[in-house]
Structures are given as structure tokens and as C-alpha cells.
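Geometric and topological summary
Listed below, chain by chain, are the residues.
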Amino acid sequence: IDLAYPDRPFARFYVLETVARVPYFAYLSVMHLRETWGERDASLRERMRVHYAEADNELHHLLIMESLGGNSSAVDRAVAQGLATAYYWWVVFVFAHDERAAYHLSELVEDHAYRTYDAFLASHEVELRALPVPEVARRYYEQENPFLFDLLCTIGDGEEEAAAAEAA
């Protein structure tokens, strides 16, 4: 993804965010199936709630990147959707057979997203601090991040936290 989008950061972030939310759907799909087959323990329900919240958080990251024009190209949308579809089925397969391996895979993706945001922020801090936050982000983050730089720091930190949670 980084090689395909070296000079189009918001398109790159759009693709990353599209792919980053996929594991949560895959986990929930497998967990719902297990629940349908009779697995009803409290830890399963709690993990399902956590993964739903993680998917919702990633949705807002995706909406932010869309508002910044990351999905303006049909080619970028097709790339993101194609990668997400293939990755979804791969994560379903891995999670169904080895949850720890699936969580580790997600940890690697989240860590990559964090490093990608961090590098972008380091090289564009001055210009991002002067740009306003998109309205969709303002609503989601309740006006805690008045400048685009602060918002992207929050998203990047969220990616780092998600990677750490997957490692646990």
C-alpha cells in the first residue's frame, strides 16, 4: 500500500483504514457462528462487544479519510475493496483455526498503520496544524482536536493502542 501511494497520503490512509477494519468483521462473523452453534460463554459476548466497538472506531477513521478525499478515485476504492475482501476471508479462516494468530496478524496491520501515520505527521506537522478538522471528525471526537495534525495524532495513537490490544 505504501509503495502504491507514496504521494497521495489520504488515499493511502483510506486504503489502510478500509483494510484495518476488516479483522473486526471477520472476528465477529466467526464468533456469531460459534454463538449460533451453541457457544454462549460471557467472555465470547464481551469480546464481541469489544470488536464491535473497534469496528465502529475504524469506521470513523474511514469516514474521516473519505471526507479528506481519500476515496475520490474509483481505482482507489476498487483497490481498497478488493484488498478488504481478500483479507476478510483470510482472517475468517485464520481466526476460525487459531485466534492468537489472527490477533497477531491484526496487531501487525495496526502497527503498520500507526507507523504510517506517525511518519506522515512527522513530515507534515506544520501544514497539518494549520488545517481545520473535517466535520465528521469534529462530531466523532467532540471537538477535542481543533487542527488536522491533532486529529491524525489521535487516529495514529488509536492504531497503536489497537495493536497493543491485539498483542495482549
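Residues numbered from 1 in each chain as written. Predicted model: local features only at pLDDT ≥ 70, side-chain atom pairs only at ≥ 80, totals over all residues. Heavy atoms only, no water.

A few words on a negative patch on the surface. On the surface, Asp-118, Asp-157, Glu-160 and Glu-161 cluster together into a negatively charged patch. For the negative patch, the element with the most residues is helix α7 (residues 148-167), which contributes 3 residues. Looking at the element boundaries, Asp-118 is found in helix α5 (residues 99-129). Look at Asp-118 and you get partly exposed, because its relative accessible area is 40%. (Patch = residues over 30% accessible without salt bridge, like charges linked within 9 Å, V, L, I, M, F, W, Y side chains within 5 Å. Areas by Shrake-Rupley, 256 points an atom, 1.4 Å probe, with all protein chains shown as cover. Salt bridge = Lys/Arg side-chain N within 4 Å of Asp/Glu carboxyl O. Lys, Arg positive; Asp, Glu negative; His and termini not counted. Charge placed at Lys NZ, Arg CZ, Asp CG, Glu CD. Helix = DSSP H or I, 4+ residues; strand = E, 2+ residues; numbered from the N terminus. Buried < 20%, exposed > 50% of the residue type's maximum accessible area, 1.4 Å probe, protein only.)

On to helix α4 (residues 74-97), then. Between its terminal C-alpha atoms α4 stretches 35 Å, which fits the 34 Å expected from 24 residues at 1.5 Å a residue. If you follow the buried residues of α4, they end up packed against α1 (9-20), α2 (22-36), α3 (42-67) and α5. Where α4 begins, the side chain of Ser-73 points an oxygen toward the backbone nitrogen of Val-75, at a separation of 3.1 Å. (Expected span 1.5 Å × (residues − 1). Contact = heavy atoms within 4.5 Å. Polar contact = N/O pair within 3.5 Å; in protein donor to acceptor, adjacent residues only side chain to side chain.)

Looking now at the confidence of the model for the protein. Summarising the model, the protein shows a mean pLDDT of 87, and 92% of its residues fall at 70 or more. Looking at the elements of the protein, mean pLDDT is at its lowest for α7, recorded as 71, and at its highest for α4, recorded as 97. (pLDDT = per-residue confidence, 0-100.)

A few words now on the packing of aromatic side chains. Considering all chains together, one arrives at 10 aromatic pairs under this definition. Note on Tyr-24 and Tyr-27: the rings are 6.1 Å apart at their centroids and 85° apart in plane angle, and the pair reads as edge-to-face. Here Tyr-27 and Tyr-24 lie together in helix α2, a separation of 3 residues that amounts to about one turn. Tyr-24 gets classed as buried once you look at its relative accessible area, which sits at 0%. Ring pairing ties together the aromatic residues Phe-10, Phe-13, Tyr-117 and Phe-120, which thus form one cluster. The residue whose ring lies beneath Arg-12 is Phe-13, and the NZ or CZ to ring-centre distance is 5.3 Å. (Phe/Tyr/Trp six-rings, centres within 6.5 Å; stacked < 30°, edge-to-face > 60°. Lys NZ or Arg CZ within 6 Å of the ring centre and 35° of its normal.)

Turning our eyes to something else, we now look at the environment of Ala-162. Examined against the element boundaries, Ala-162 turns out to sit in helix α7. Residue classification places Ala-162 among the buried residues on the basis of a relative accessible area of 11%. With near-sequence residues (within four places) excluded, Ala-162 lies in contact with Tyr-24 and Glu-110.

Attention now moves to the layout of surface pockets. Roughly 160 Å³ of volume is contained in the largest pocket. Surrounding the largest pocket, Ile-1, Leu-16, Val-19, Leu-83, Tyr-87, Val-109 and His-112 form its lining. Looking at the lining of the largest pocket, the elements that each hand over two or more residues are α1, α4 and α5. Split into classes, the residues belonging to the lining of the largest pocket amount to 6 nonpolar, 1 polar and no charged. (1 Å grid on protein atoms, 1.4 Å probe; cavity = no way out; pocket = protein on both sides within 12 Å on 5 of 7 lines; lining within 4 Å. Points joined across faces, edges and corners; volume = space filled by probe spheres on them. Nonpolar A, V, L, I, M, F, W, Y, C, P; charged D, E, K, R; others polar.)

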